[in-house]
Amino acid sequence: MSAKNRDEHNRFRNITVGFRVSPEENEQINIAVALSGLPKQEYCYRRCLNREIVVQGNPRVYKALRTQLAAVLDELKRIEAAGEIRDELLDNIELITRTLDGMKEERR
């Protein structure tokens, strides 16, 4: 049997919350989760409760940043040829920038 799921105040988490999203929204959530370095559950309830999300630099976060920056570069090359910018790309660029800025401040 798995360990009981408890929060930072040692309260048992036994309520399930679920919601539906579009495939595009799911991709945006997955990108944000990967860049945060948190498990998806932790990320989602921190966002829902408007709590701060502090990114701890680790190999998984750096890999997610590298992957997302490569995707941004590919999209920018596509835009150069086609001329249309999607809102999701702008959101990803903003999230990557905030993550990198936060990691830069942490190193000081």
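Residues numbered from 1 in each chain as written. Predicted model: local features only at pLDDT ≥ 70, side-chain atom pairs only at ≥ 80, totals over all residues. Heavy atoms only, no water.

Draft legend 1. Representation of the overall build of the protein within the structure. What the protein contains, in helices and strands, is four helices and zero strands. In sequence order, the secondary structure elements of the protein are arranged as α-α-α-α. Expected size for 108 residues packed as a compact globule is a radius of gyration near 13 Å; at 16 Å, the protein overshoots this value by more than 25%. Along the first, second and third principal axes, the C-alpha atoms of the protein reach 55 × 40 × 25 Å. When burial is assessed residue by residue, the protein has 23% of its 108 residues classed as buried. Total accessible area on the protein is roughly 8,600 Å²; 51% of this is exposed by carbon and sulfur atoms. Averaging the positions of the 19 positive and the 18 negative side-chain charges in the protein gives two centres separated by 9 Å. (Helix = DSSP H or I, 4+ residues; strand = E, 2+ residues; numbered from the N terminus. Rg over C-alpha atoms; globule rule 2.2 N^0.38 Å. Buried < 20%, exposed > 50% of the residue type's maximum accessible area, 1.4 Å probe, protein only. Areas by Shrake-Rupley, 256 points an atom, 1.4 Å probe, with all protein chains shown as cover. Lys, Arg positive; Asp, Glu negative; His and termini not counted. Charge placed at Lys NZ, Arg CZ, Asp CG, Glu CD.)

Draft legend 2. Expanded view of helix α3 (residues 59–82). When the terminal C-alpha atoms of α3 are compared, their 34 Å separation across 24 residues agrees well with the 34 Å that a helix rising 1.5 Å per residue should span. The residue sitting at the N-terminus of α3 and contributing the capping side-chain oxygen is N58; that oxygen lies 2.9 Å from the backbone nitrogen of R60. (Expected span 1.5 Å × (residues − 1). Polar contact = N/O pair within 3.5 Å; in protein donor to acceptor, adjacent residues only side chain to side chain.)

Draft legend 3. Expanded view of the side chain of T99. Structurally, T99 can be placed in helix α4 (residues 87–107). T99 sits in the buried class, given a relative accessible area of 6%. Separated by 2.9 Å, the side chain of T99 and the backbone oxygen of L95 make a polar contact. Sequence-distant contacts of T99, that is, excluding residues within four places in its chain, are made with L35, V55 and L65. (Contact = heavy atoms within 4.5 Å.)

Draft legend 4. Region of the structure containing the pattern of salt bridges. If you walk through the whole model with that rule in mind, you get two salt bridges. For E42, the salt bridge identified is with R46, shortest N-O distance 2.7 Å. Of this pair, E42 and R46 both sit in helix α2 (residues 40–48), four residues apart, which is roughly one turn of the helix. The exposure class assigned to R46 is partly exposed, which follows from its relative accessible area of 21%. (Salt bridge = Lys/Arg side-chain N within 4 Å of Asp/Glu carboxyl O.)

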